[in-house]
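The residues making up each chain are set out below.
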Amino acid sequence: MHRVLIIDDEDDIREVAALSLETVAGWEVMVASSGAQGLARAATYQPEAILLDVMMPGMDGPATFRELQKNPATAHIPVMLLTAKVQATDRTRFAGLGVRAVLTKPFDPLTLSQQVAGILGWN
Amino acid sequence: MSEANESLLANAMDRLWVKFLPQMEERVAKLEKAAESLMSGALSEEDQRRASAEAHKLAGVLGTFGLQQGTKLAREAEEVYAGTLDRSPAVSERLTQIAEQLRGMIAGRK
C-alpha cells in the first residue's frame, strides 16, 4: 500500500483528494492544511509522495517545496504540485521549480490515483 | 475500478458535496457582493483581490464535483478580478451574471 501526503489549505479539495486516493487506489493518505504542518508531517510520516497545493496563505506551495528540499529527511520525496492555474506561463514556472509534476485542479476523483501512479511509475 | 467501488466513491462524493455546499454558497455570495460593489463603484482593491481568490477556489473545486462549466465560469471571474479591472457597466454586469449562473449550477447539482 502506497503512502501519500496531501498538503492543501482548502478543506474541500483535501477531503476529495484523500477520498479519491483511499477509495479508488486503496492508498494510505495523510493530510496537512498548511505548508508548515506539511513539513512536519512529511518528516515524521515519510510518505512516498506529496501532493502540494500552490496557493496557500503563509508558506505557499513553492516555498514549502523549497523547505522540503532543504531537509535531508524529506528531500528525496517526490512532490507533485496541485494548481488551478491554467496559464502556460504559470505552469512552466512551477515545473521549473524541480517538482515531479504539475497536476491541474479540478481533477477527476476517479482517475487522480492513476495519474499519480503513472507519474511515479507505480503501475 | 469495480462498479461497487465506483458507486462507493460516488456516494462519498455526494456526502462531501453536502458537507461543503454552505462553503461554496458562501464563496458565490462573496462574488455576488463583489459584483454589486463594482456596479456601485465601491469595490476596493482589497475586495477585488479577495473576489479573485474566491473565484480561484471555486474554479479549483467545482469541476471535481462534476461542474466543469462552473469551473470555466469561475475561472473567467478570477481572470477579470485578477487583472487591471475594467470598471465599465458591461464588466460588472458580466460578473453579476457569472455569480448568478454559479449559484444556479450549485443549487442544481443533484
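Structure shown above.
S.K.: A description of the overall build of chain B should follow, citing residues and the corresponding values.
M.R.: The helix and strand inventory of chain B stands at four helices and zero strands. Traced from its N-terminal end to its C-terminal end, chain B shows the element sequence α-α-α-α. Summarising its shape, the C-alpha atoms of chain B cover approximately 55 × 20 × 20 Å along the three principal directions. Within chain B, buried positions represent 35% of all 110 residues. Sequence separation of at least 24 residues holds for 61% of the intrachain contacts in chain B that already meet a minimum separation of 6.

S.K.: If you had to explain the environment of Gln115 of chain A to someone new, which residues and values would you point to?
M.R.: Note that Gln115 of chain A resides in helix α5 (residues 112-120). Separated by 65 residues in the primary sequence, Gln115 of chain A and Ile50 of chain A have C-alpha atoms spaced 13 Å apart.

S.K.: Which residues make up the interface of chain A and chain B, and what values go with them?
M.R.: How big an interface is tends to be stated in terms of the accessible area lost upon association of its parts. Across the contact, 15 residues belong to chain A and 18 residues belong to chain B. The residue makeup of the side of chain A that touches chain B, split by class, is 10 nonpolar, one polar and four charged.

S.K.: Summarise the packing of helix α2 (residues 45-62) of chain B against helix α3 (residues 68-82) of chain B; cite the residues concerned and give the values.
M.R.: Residue and element names in this part refer to chain B. Between α2 and α3, the shortest axis-to-axis distance is 8 Å and the interhelical angle comes to 160 degrees. By the angle between their axes, α2 is roughly antiparallel relative to α3. For the pair α2 and α3, the crossing hand works out as left-handed. Contacts from Gln48, Ala51, Ser52, Ala55, His56, Leu58, Ala59 and Leu62 of α2 reach α3 at Gly70, Thr71, Ala74, Arg75, Ala77, Glu78, Tyr81 and Ala82.

S.K.: Can you explain the sheet that holds strand β1 (residues 3-7) of chain A? Please cite residues and give values.
M.R.: Residue and element names in this part refer to chain A. Ordered by their spatial adjacency, five strands build an open sheet running β2-β1-β3-β4-β5, and the pairing between neighbours is parallel. In the strand order of this sheet, the two ends are held by β2 (28-32) and β5 (101-104), each with one partner. Neighbour-to-neighbour, the strand axes of the sheet open up by a mean angle of 25 degrees, direction not taken into account. Pairing of β1 with strand β3 (residues 49-53), which is carried by four bridges, proceeds in the parallel orientation. Looking at the pairing, Val4 lines up with Ala49 of β3. On the sheet, helix α2 (residues 35-45) packs against β1, β2 and β3 and is oriented at approximately 165 degrees with respect to β1.

Analysis parameters
Residues numbered from 1 in each chain as written. Chains lettered and ligands numbered in written order. Predicted model: local features only at pLDDT ≥ 70, side-chain atom pairs only at ≥ 80, totals over all residues. Helix = DSSP H or I, 4+ residues; strand = E, 2+ residues; numbered from the N terminus. Buried ≥ 20, exposed ≤ 12 C-beta atoms within 10 Å, placed from the backbone. Contact = placed C-beta atoms within 7 Å. Nonpolar A, V, L, I, M, F, W, Y, C, P; charged D, E, K, R; others polar. Axes fitted to C-alpha atoms, helices over the stretch in contact; angles between N-to-C directions. Parallel < 35°, antiparallel > 145°, perpendicular 65-115°, else oblique. Left-handed = near helix turned anticlockwise from the far one by under 90°. Pairing = 2+ DSSP bridges.

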